[in-house]
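Below, each chain spelled out in residue letters.
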Amino acid sequence: MLHILRFAPRAVPDQVMQAMFAARKSVFVDLLKWDVPVIDGRFEIDQFDNRHAQYLVLAEPDGRHLGSTRLLPTTRPHILDSLYPELCDSDPPRAGDIYEITRFCLDRGLRAAERRAVRDTLVTALVDHALANGIHSYTAIAEFGWLQQILAFGWRCRPLGLPTPVAGRTLGAIRIDITPDTPYLLARAGINALPEHRRDEPRAAA
């Protein structure tokens, strides 16, 4: 089930959000060793997890996290313009119809085939969400290996600058333009959502 959530100003929101923040800590802190805030030793929550953030969360009916991503409006402070503007050859894109994709997280408990299916479902959900909500473009930052995968998804995607070494990682910034034919382009490249995927109604995390 796909949940579309907004952040509410409480320490740990509902079960789905709680599982997402725990999965983010497992991936980005425990596995990748990012130096980012951890709340109560269990949840990765940073300064961008505020009332302006949106989340797409793929979860089992019992709330178990499968995958998730966070969307930040580029008209407000976000990761590319606040922390890594040097990744862009010019000013980072900013507009009401441009959102930044951040914290794209696949649960560490997934097997390889499951990871691919959840990844494809989240990518498809990002496109569906954009088309339904007047989002014309996404920006994102990714490490070089993941950047190569994103560029190969079939959608209209272009680098915003050259990949750059940052604190021991090679990072690149990209812009993804979403158009009515983007679902077809993804499917042609082999990106397909889980057949049992169902979109939940947007709601605020309590």
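Parameters and conventions
Residues numbered from 1 in each chain as written. Predicted model: local features only at pLDDT ≥ 70, side-chain atom pairs only at ≥ 80, totals over all residues. Heavy atoms only, no water. pLDDT = per-residue confidence, 0-100. Contact = heavy atoms within 4.5 Å. Core = buried A, V, L, I, M, F, W, Y, C linked by side-chain atoms within 4.5 Å. Buried < 20%, exposed > 50% of the residue type's maximum accessible area, 1.4 Å probe, protein only. Helix = DSSP H or I, 4+ residues; strand = E, 2+ residues; numbered from the N terminus. Salt bridge = Lys/Arg side-chain N within 4 Å of Asp/Glu carboxyl O.

Caption draft 1: A look at the confidence of the model for the chain. Taken as a whole, the chain shows an average pLDDT of 90; of its residues, 91% reach a score of 70 or greater. In the predicted structure, residues 198-206 sits below a pLDDT of 50 and forms 29 contacts with residues beyond four places in sequence or in another chain.

Caption draft 2: Representation of the nonpolar core in the model. Counting 32 residues, the largest nonpolar core has Y138, I150, W155 and I176 as its most contacted members. If you tally residues by element for this core, the top one is helix 3 (residues 112-133), at 7 residues. W155 has contacts with V123, V127, I150, I176, I178, T182, L185 and L186, leaving out every residue within four places of it along the chain. A53, Y55, L72 and L87 belong to the second-largest nonpolar core, a separate cluster that totals 22 residues.

Caption draft 3: A look at the pattern of salt bridges. By the definition in use, this model includes 16 salt bridges. We note a salt bridge from R111 to E114, for which the minimum N-O separation is 3.3 Å. Judged by relative accessible area, E114 falls into the partly exposed class, the value being 30%. The partner of R158 in a salt bridge is D177, and the shortest N-O contact between them spans 2.7 Å. Taken together, the residues span a long stretch of sequence, with R158 in strand 8 (residues 156-159) and D177 in strand 10 (residues 169-177) at a distance of 19 residues.

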